[in-house]
Amino acid sequence: MNYKIIDGKKLAQVVKDDARERVIKLKALGWTPRLVSIDVGDSAAVSLYIKNQQKAAEKVGIEFEHRHYPGSITQREMGAAIHAFNADPRVTGIILQRPVPNTLDLEELENTIHHSKDVEGMSSLNIGNIVYGDSSLGPCTSLASVELLKSTGLNLRGLEVVVVGHSEIVGKPVALLLVEDLCTVTICHHGTRNLSYHTRQADALIVAVGKPGLITANMVKPGAAVIDIGINQVDVTLPDGSRGTKVVGDVDFDTVKEVAGWITPVPGGVGPMTVAMLLRNTVVATERQRKRYEELVRP
Ligand code: NAP
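Here we summarise the structure given alongside this text.

Thresholds, definitions, all that
Residues numbered from 1 in each chain as written. Predicted model: local features only at pLDDT ≥ 70, side-chain atom pairs only at ≥ 80, totals over all residues. Heavy atoms only, no water. Helix = DSSP H or I, 4+ residues; strand = E, 2+ residues; numbered from the N terminus. Rg over C-alpha atoms; globule rule 2.2 N^0.38 Å. Buried < 20%, exposed > 50% of the residue type's maximum accessible area, 1.4 Å probe, protein only. Contact = heavy atoms within 4.5 Å. Areas by Shrake-Rupley, 256 points an atom, 1.4 Å probe, with all protein chains shown as cover. Lys, Arg positive; Asp, Glu negative; His and termini not counted. Charge placed at Lys NZ, Arg CZ, Asp CG, Glu CD. 1 Å grid on protein atoms, 1.4 Å probe; cavity = no way out; pocket = protein on both sides within 12 Å on 5 of 7 lines; lining within 4 Å. Points joined across faces, edges and corners; volume = space filled by probe spheres on them. Near = heavy atom within 4 Å. Polar contact = N/O pair within 3.5 Å; in protein donor to acceptor, adjacent residues only side chain to side chain. Nonpolar A, V, L, I, M, F, W, Y, C, P; charged D, E, K, R; others polar. Patch = residues over 30% accessible without salt bridge, like charges linked within 9 Å, V, L, I, M, F, W, Y side chains within 5 Å. Salt bridge = Lys/Arg side-chain N within 4 Å of Asp/Glu carboxyl O. Expected span 1.5 Å × (residues − 1). Arc of directions from axis to C-beta. Pairing = 2+ DSSP bridges. Axes fitted to C-alpha atoms, helices over the stretch in contact; angles between N-to-C directions.

Take the overall build of the chain next. When helices and strands are counted, the chain shows ten helices and eleven strands. Relative to the compact-globule value of 19 Å for 299 residues, the chain shows a C-alpha radius of gyration of 20 Å, a close match. The principal-axis extents of the C-alpha atoms in the chain amount to approximately 60 × 45 × 35 Å. Within the span of the chain, comprising 299 residues, buried residues form 47% of the whole. Long-range pairs, those at least 24 residues apart, make up 69% of the contacts in the chain with a sequence separation of at least 6. Accessible surface, the chain: about 14800 Å² in total, of which carbon and sulfur atoms supply 53%. Charge centroids of the chain, computed over 33 positive and 34 negative side chains, lie 4 Å from each other.

What follows is the structure in structure tokens.
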């Protein structure tokens with residue numbers, strides 16, 4: 001099979017270039033997008049995500065403010081800190097990094113972020129808006145996956161799409177987004193009786209589970225587009241014989257690429273595009289806040 005790699009880095013660059021131009025226009029009007037990143041407790045993986053987001057944000061001219069809180073913070077204290085960012089007119093976007101300690105109610109905190117500054121797109125209002133056809137501040141990874149699928153040039157109308165995983169952050173919203181594009185969508189999860197029966201029907205297979213090697217070549221329809229959202233760190237033997245780790249997706253890339261028509265690599269697929277979507281959402285949020293402000297001061 002002649003498969004094509006869906007290059008997330010290249011597509012992300014297009015989105016970031018657009019964001020950079022829009023940031024220049026906003027700055028000229030006196031509006032500098034400022035993204036506040038909140039993380040709680042200590043996680044090496046989260047620190048790496050934040051570093052990547054900061055680097056990418058600053059490259060397009062978005063100010064990035066990193067706020068780290070101890071794992072002992074209470075729900076009330078965290079809520080108060082978010083309210084302060086909501087009220088600060090210099091802050092135009094807020095992202096609460098996952099995971100948070102299980103002493104905190106994540107959903108409540110997501111909903112404490114004012115929807116106009118919710119650039120991760122995880123508040124009930126922004127997710128709910130997808131049902132009404134408005135994905136302008138949708139969840140970043142879901143938006144990224146749809147953009148990567150669109151980049152194949154496949155006609156989404158009537159396309160059989162199978163989504164594996166039904167989390168709030170990825171599986172469910174990506175399915176809703178694709179229904180809006182008139183795909184015929186099946187969502188698989190824990191309760192699905194015969195996963196490979198469904199995956200083999202898919203013209204496009206979107207996988208967000210967190211299990212390396214879950215999708216093998218015999219589960220994929222020849223020529224399908226495969227979007228691998230999973231990020232898993234696995235132990236490997238390095239060329240010098242020592243033990244190390246590497247990052248892989250949920251799809252067994254080496255075998256599935258021989259069957260697929262298109263496939264996203266991990267890393268280099270959904271990850272960079274997700275960061276680009278976060279920047280785009282931050283720009284959209286700032287543009288809207290400016291417009292709202294103009295309407296208020298110049299009715
Ligand atoms: P999650 O909340 O743990 O959800 C995993 C989903 O997979 C659940 O819906 C679960 O169903 C389902 N599942 C578990 N085992 C399954 C199986 N054998 N067959 C079918 N479905 C199964 O995880 P998540 O936050 O969605 O993340 C999923 C993966 O994507 C992780 O590797 C994560 O690191 C990655 N991710 C990547 C990005 C990115 O930017 N690239 C962003 C977010 C997440 P049940 O609930 O029924 O068990």
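From this point, things continue past the structure.
Quick look at the environment of Thr-216 now. Following the sequence through the fold, Thr-216 ends up in the loop between strand E7 (204-207) and strand E8 (225-228). On the accessibility criterion, Thr-216 (27% relative accessible area) is partly exposed. Sequence-wise, Thr-216 and Lys-257 are 41 residues apart; in three dimensions their C-alpha atoms are separated by 9.8 Å. Every residue in contact with Thr-216, bar those within four places of it in the chain, is listed here: Asp-252 and Val-256.

The subject of this paragraph is the layout of surface pockets. There is about 370 Å³ of room inside the second largest pocket. For the second largest pocket, the lining is made up of 20 residues, of which Ser-116, Ala-285, Arg-288, Gln-289 and Arg-292 are closest to its centre. Secondary structure elements with two or more residues in the lining of the second largest pocket: helix H5 (124-131) and helix H10 (270-297).

This part takes up the site of the ligand. Near the ligand, the surroundings consist of 22 residues, among which His-166, Ser-167, His-190, Ile-229 and Ile-231 are the closest. Here an oxygen atom of the ligand and a side-chain polar atom of His-190 are 2.8 Å apart. Between Ile-231 and the ligand, the recorded distance is 3.0 Å, taken from a backbone N or O atom to an oxygen atom. About the coverage of the ligand: the protein hides 70% of its 930 Å² of free accessible area. Considering only residue class, the shell around the ligand consists of ten nonpolar, eleven polar and one charged.

Taken together, the side chains of Tyr-49, Ile-231 and Val-247 define a hydrophobic patch exposed on the protein surface, amounting to about 250 Å² of accessible area. Tracing the backbone shows Ile-231 in the loop between E8 and strand E9 (232-237).

Moving on, we come to the pattern of salt bridges. Throughout the structure, instances matching the rule amount to 15 salt bridges. Asp-17 is paired through a salt bridge with Arg-20; the nearest N and O atoms lie 3.0 Å apart. Within this pair, Asp-17 and its partner Arg-20 are both found in helix H1 (residues 8-28), separated by three residues, close to a single helical turn. Here Arg-292 ties to Glu-295 by a salt bridge, and the two come within 3.9 Å at their closest N and O atoms. Placement of both Arg-292 and Glu-295 in helix H10 is noted, with a separation of three residues, approximately one turn of the helix. You can call Glu-295 partly exposed: its relative accessible area is 39%. Members of the salt-bridge network, linked through shared partners, are Arg-34, Glu-63, Glu-65 and Arg-67.

It is worth spelling out helix H2 (residues 44-59) at this point. Taking 1.5 Å per residue as the helical rise, H2 with its 16 residues ought to reach 22 Å, and the 23 Å between its terminal C-alpha atoms agrees with that figure. Burial in H2 covers these residues: Val-46, Ile-50, Gln-53, Ala-56 and Ala-57. Down the axis of H2, the sector holding all buried residues measures 135 degrees, keeping them to one side. Those residues of H2 that are exposed and aimed more than 90 degrees away from the buried face are Ala-44, Leu-48, Lys-51, Lys-55 and Lys-59. In this structure, the buried side of H2 is in contact with strand E2 (34-40), strand E3 (63-69), strand E4 (93-96) and H10.

With parallel pairing, three strands are arranged side by side in an open sheet as E3-E2-E4. The sheet terminates laterally at E3 and E4, the two strands that pair on one side only. Taken over all neighbouring pairs, the strand axes of this sheet differ in orientation by 20 degrees on average, direction set aside. Where E2 meets E4, four bridges bridge the pair, whose relative direction is parallel. Looking at E4, one finds that Ser-37 is bridged to Ile-95. Its contacts with the sheet place H2 against E2, E3 and E4, and it is angled at close to 160 degrees to E3.

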